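# Summary of the model geometry
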Amino acid sequence: MKSETAWQAGRLGWRSGSQRLLFGRMYEDAEIERAAFRGKRRVFCIASAGDTALRLADEHEVVACDINPVQLAYAERRANGGPAETGDAERAMRFARRMMPLAGWHARVLREFLAMSDVAAQATFWREHFDTWRFRAGFDLLMSAPVLRMMYAREFLSFLPRKFGAVMRKRLERGFARHANAANPYARALLLGESGEEISAKKENISFVAGDAASWLESREEKYFDGFTLSNILDGADEAYRARLMRAVQRAATDEAILVLRSFGEPSQSVENNRAECDRAMLWGVVDVRGARTFFA
Ligand SMILES: C[S@@+](CC[C@H](N)C(=O)[O-])C[C@H]1O[C@@H](n2cnc3c(N)ncnc32)[C@H](O)[C@@H]1O
């Protein structure tokens, strides 16, 4: 059976063309991985913009893999001290942020909010200043299927829950009620588009490899990796690819290996240990942290 992933195209939209830089930074809280992989040695990581690989390199030997050569080259440049660049995800977020004043979200209020540390006060502030009917209507329109279909390939949308706008608003509300803004770089990236702080890392601990994660893992030694962090690469892949990746992870995993897998979808019952609430990026429906060899369950 053919197994496919839409990420192969290196583009988020439905138009064909050359592969592009999609992510100038990552929107995944690497503290999840740092906690999950404590005491582990070898980690297989999706490269994306490189943030997670760089954060893990302090304590682990990291293989950072990406199917999109443009993205992989950027992650490698960053590891060598290169500057942050703008990807298509940042362009889309910048466009959404331009709408903020229409919803009454002004720079002064945003900065006041982002300086807060008391999460109960943040929750109140969110309700009083941001969760306005204009925000709800505008955000839900932006996140509606017809608008998303204009920008993204169908494979990146098929798994999203109905009323995705309302679901995402709930995730944000939950996140702001849990994580102190002043210490949350992901909140600043989301609301102001600020690129993260420089990450100084033991870059010599990272090997960058180009290719599809399943194919690469299939070709390597068995029982080699103690940790896997696969971003949300299954958002955009078909069932056959999912099954193939699961087999490849199981084969490459040591008995005690841990797997971290994210999704923008809502959690199914098979997700036992969903850490989505703990992820300071606040966007995820699923941050599944589990034994890599139980990935079939
Ligand atoms: C899944 S995307 C999502 C971005 C992510 N949520 C973030 O915050 O950076 C991350 C990266 O995974 C890569 N990717 C997707 N599917 C892959 C696969 N099967 N094998 C290797 N890399 C893959 C994409 O090229 C992209 O650079």
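Every chain begins its residue count from 1, and numbering advances along the sequence as written. Predicted model: local features are reported for residues with pLDDT of at least 70 only, side-chain atom pairs are reported and counted for 80 or more only, and whole-chain, interface and lining totals are derived from all residues. The basis for the side-chain values is all heavy atoms of the structure; hydrogens and waters are excluded.

### A few points about the overall build of the chain
How we decide: Strands are runs of DSSP state E lasting at least two residues, helices are runs of H or I lasting at least four, and both sets are numbered from the N terminus onward. For a compact globule the rule gives 2.2 Å times the number of residues to the power 0.38, and the radius of gyration it is set against comes from C-alpha atoms. Think of it in three bands: with a 1.4 Å probe and only protein chains considered, a residue is buried below 20% of the maximum accessible area for its type, exposed above 50%, and partly exposed in between. Only heavy atoms enter the contact rule, under which two residues are in contact if any of them lie within 4.5 Å. Method for areas: the Shrake-Rupley scheme with a 1.4 Å probe, in which residue coverage is limited to the protein chains shown. In summary, the charge assignment counts Lys and Arg as positive and Asp and Glu as negative, without counting His or the chain termini. Charge placement uses NZ in Lys and CZ in Arg. For Asp and Glu, CG and CD serve respectively.
What the chain contains, in helices and strands, is 12 helices and six strands. What you see for the chain is a C-alpha radius of gyration of 19 Å, in line with the 19 Å of a compact globule of 297 residues. Dimensions along the principal axes, computed over C-alpha positions, put the chain at roughly 55 × 40 × 40 Å. A buried classification covers 50% of the 297 residues belonging to the chain. Sequence-distant contacts in the chain: of pairs separated by 6 or more residues, those separated by 24 or more amount to 75%. Accessible surface, the chain as shown: approximately 14,400 Å² in total, 51% of it carbon and sulfur. Measuring between centres, the 45 positive side-chain charges of the chain sit 4 Å from its 40 negative side-chain charges.

### Section: the sheet that holds strand 6 (residues 286–291)
Heads up, the condition is: DSSP calls a pair of strands paired once it identifies at least 2 bridges connecting them. Axes here mean lines fitted to C-alpha atoms, for a helix over just the part in contact, with angles spanning 0 to 180 degrees between N-to-C directions.
Strand order in the open sheet formed by six strands is 3-2-1-4-5-6, and the pairing between neighbours is mixed. Of all strands in the sheet, those bounded by a partner on one side alone are strand 3 (206–210) and strand 6. Geometrically, the sheet is characterised by an average inter-axis angle of 15° between neighbouring strands, direction not taken into account. One ladder, built from five bridges, connects strand 2 (residues 61–66) with strand 3; its direction is parallel. Following the sheet pairing, Ala-64 is matched in strand 3 by Phe-208. Contacting strand 2 and strand 3, helix 3 (residues 69–79) crosses the sheet at an angle of about 165° to strand 3.

### Considering the domain arrangement of the chain
Which entries qualify depends on this criterion: Domain delimitation in this document rests on an assignment produced automatically or drawn from a domain database. Throughout, the accessible surface (probe 1.4 Å) given up by two parts as they are put together, summed over both, is called the buried area. Definition used for salt bridges: Asp or Glu carboxyl oxygen within 4 Å of a side-chain nitrogen of Lys or Arg. In protein, a polar contact requires one atom able to donate a hydrogen and another able to accept it; more generally it is a pair of N or O atoms within 3.5 Å, and residues adjacent in sequence count only if both atoms are side-chain atoms. Residues are grouped as follows: Ala, Val, Leu, Ile, Met, Phe, Trp, Tyr, Cys and Pro are nonpolar; Asp, Glu, Lys and Arg are charged; all remaining types, including Gly, are polar.
Its domain assignment divides the chain into domain 1 (17–84 + 201–294) and domain 2 (93–192). Measuring from the centre of the C-alpha atoms in domain 1 to the corresponding centre in domain 2 gives 25 Å. Listed as interface residues are 23 residues of domain 1 and, on the opposing side, 23 residues of domain 2. Counting the surface lost from both domain 1 and domain 2, the interface buries some 1,900 Å², and carbon and sulfur atoms represent 62% of this. On the domain 1 side of the contact with domain 2, Glu-277, Arg-280 and Met-282 bury the most area, a combined 39% of that side's loss. Where domain 1 meets domain 2, there are two salt bridges. Where Glu-266 meets Arg-171, a salt bridge forms, and the shortest distance between an N and an O atom there is 2.8 Å. Across the domain 1-domain 2 interface, the total number found is 10 residue pairs in polar contact (both at pLDDT 80 or more). Looking at the side of domain 1 that touches domain 2 residue by residue, the class counts come to 10 nonpolar, four polar and nine charged.

### Comments concerning the site of the ligand
Our working rule: Any residue with a heavy atom positioned within 4 Å of a molecule or strand is treated as near that molecule or strand.
Close to the ligand lie 19 residues; Tyr-27, Glu-28, Ser-48, Asp-66 and Tyr-241 are nearest. A distance of 3.1 Å is found between a nitrogen atom of the ligand and a side-chain nitrogen or oxygen belonging to Asp-212. When the free accessible area of the ligand is taken as 580 Å², the share hidden by the protein chains comes to 99%. Taken together, the residues of the shell around the ligand sort by class into 10 nonpolar, six polar and three charged.

### Things to note about the side chain of Arg-25
Mapping Arg-25 onto the fold places it in the segment before helix 1 (30–36). Look at Arg-25: it is buried, it has no salt bridge, and the nearest opposite charge is Asp-51 at 5.0 Å. In terms of polar contacts, Arg-25 uses its side chain to reach the backbone carbonyl oxygen of Glu-194, at 3.5 Å.

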